[in-house]
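Per-entry structural report
These are the residues of each chain, in order.
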Amino acid sequence: SSSSGDEALRDKRARILSRGLLKQKPIEGVKQVVVVASGKGGVGKSTTAVNIALALAANDSAKAVGLLDADIYGPSIPKMMNLKGNPELTPKNLMRPLKNYGIACMSMGFLIEETAPVVWRGLMVMSAVEKLLRQVDWGQLDYLVIDMPPGTGDVQLSVSQNIPIAGAVIVSTPQDVALLDAHKGAEMFRKVHVPVLGLVQNMSVFQCPKCKHETHIFGADGVRDLAKTLGLDILGDVPLHINIRETCDSGQPVVISQPQSDAAKAYVKIAVEILRRLPAPPA
């Protein structure tokens, strides 16, 4: 079938890339890279990436944090981080990230019109990813969080093979359809030798704001069950809460705008769990 043929092709690509035919090269000035990924779109991956980056900075104000939006077709970091405009160029012709809330950000969304579709074939996408990885002046960063596009395609493989990644975080909702793809995402990182730090169970429970009754709209504990199957940790649970959506839509993510909320505390807990699992940074 077509799907099994596609999967065989992805496996072959992963095997070729994992042999080290492409040379990994660190991003200049960046100590550790953490990728936030999901097998499926629509599970809140970008919202999670934004709030994790902010939570890493909130956890230790002495640490410098950057955020790279590698979702070429659907860049959402500019809106969530309330950033607009084109990056300035350094004398060396490198792009300077735009900054807000103390986080240095780079996204395809800064380079195209907000409503313009990216109608590109694979080679153009790979060229854009290469520019975002290699032609940005990040300064000195302790952590660079990369918001990956959904799925297990060329962009994920290219990023995983081109730069050393300290760890990957897989985001999923507890529903079965999302879990199938999250499983594939975790296996892809394993095939290209990227350590998976753990899973985030997003939209885990909805609490009625009036009666406080809790409903598991997307199912209960599906991500926890998947984590056991994969032998991975759960980094945290994030509730399905209107404040998380509203704050990101308004460019004031919940970790910044409502730091005492349960949602913000959930992201800070996830950031702490990520830090516990990261290897020691290079000297």
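Overview of the structure. (Residues numbered from 1 in each chain as written. Predicted model: local features only at pLDDT ≥ 70, side-chain atom pairs only at ≥ 80, totals over all residues. Heavy atoms only, no water.)

1. Thoughts on the layout of surface pockets
One water molecule sets the probe size; rolling that probe over the atoms shows where empty space is left. For clarity, the cut-off: Each cavity reported here is a set of points on a 1 Å grid over the protein atoms alone in which a 1.4 Å probe fits but cannot get out, each pocket an open set with protein on both sides within 12 Å along at least five of seven lines, and each lining residue one with an atom within 4 Å of a point. Grid points are joined across faces, edges and corners, and a volume is the space filled by probe spheres set on the points. Gly is put with the polar residues, along with every residue not named as nonpolar or charged; the nonpolar set is Ala, Val, Leu, Ile, Met, Phe, Trp, Tyr, Cys and Pro, and the charged set is Asp, Glu, Lys and Arg.
Counted as a void, the second largest pocket has a volume near 320 Å³. Across the lining of the second largest pocket, the residue classes break down as 6 nonpolar, 4 polar and 5 charged.

2. Points about the nonpolar core
Selection criterion: Working definition of a nonpolar core: buried Ala, Val, Leu, Ile, Met, Phe, Trp, Tyr and Cys residues. They are joined through side-chain atoms within 4.5 Å. Exposed residues in this analysis have more than 50% of their type's maximum accessible area, buried residues have under 20%, and partly exposed residues fall in between, with area computed by a 1.4 Å probe over protein chains only. Each helix corresponds to a stretch of at least 4 residues labelled H or I by DSSP, and each strand to a stretch of at least 2 residues labelled E; elements are numbered beginning at the N terminus.
W138, I146 and F189 are the most contacted members of the largest nonpolar core, which has 88 residues in total. Here this core takes 8 residues from helix α2 (residues 45–59), the largest share from any one element.

3. Focus: the packing of α2 against helix α10 (residues 262–277)
What counts, and what does not: To obtain each axis, a line is fitted to C-alpha atoms, and for helices this fit is confined to the stretch in contact; angles are then taken between N-to-C directions over 0 to 180 degrees. In these notes the angle categories are as follows: under 35 degrees is roughly parallel, over 145 is roughly antiparallel, 65 to 115 is roughly perpendicular, and the rest is oblique. We call two residues in contact whenever any of their non-hydrogen atoms come within 4.5 Å of each other.
Where α2 contacts α10, the two axes come as close as 8 Å, and the packing angle between them is 75°. Relative to α10, α2 is oriented roughly perpendicular. Judged by residue contacts, T47, T48, N51, I52, A55, L56 and N59 of α2 engage Y267, V268, I270, A271, V272, I274 and L275 from α10. For the contact of α2 with α10, the per-class residue count stands at 10 nonpolar, 4 polar and no charged.

4. A short note on the pattern of salt bridges
Between side chains of opposite charge, pairing is possible as soon as their charged atoms come close. Applicable threshold: Any Lys or Arg side-chain nitrogen located within 4 Å of an Asp or Glu carboxyl oxygen qualifies as a salt bridge.
Overall, the coordinates contain 9 salt bridges when judged by the stated rule. Here D181 and K184 are joined by a salt bridge, their closest N and O atoms 3.9 Å apart. Remark: K184 and D181 occur in helix α6 (residues 176–191); sequence separation between them is 3 residues, near one turn of the helix. Judged by its relative accessible area of 21%, D181 is partly exposed. For E273, the salt bridge goes to R277, with nearest N and O atoms at 2.5 Å. One end of the pair is E273 and the other is R277, both in helix α10 and 4 residues apart, which spans about a single turn. You can call E273 buried: its relative accessible area is 13%. One network of salt bridges, with partners in common, ties together D233, E273, R276 and R277.

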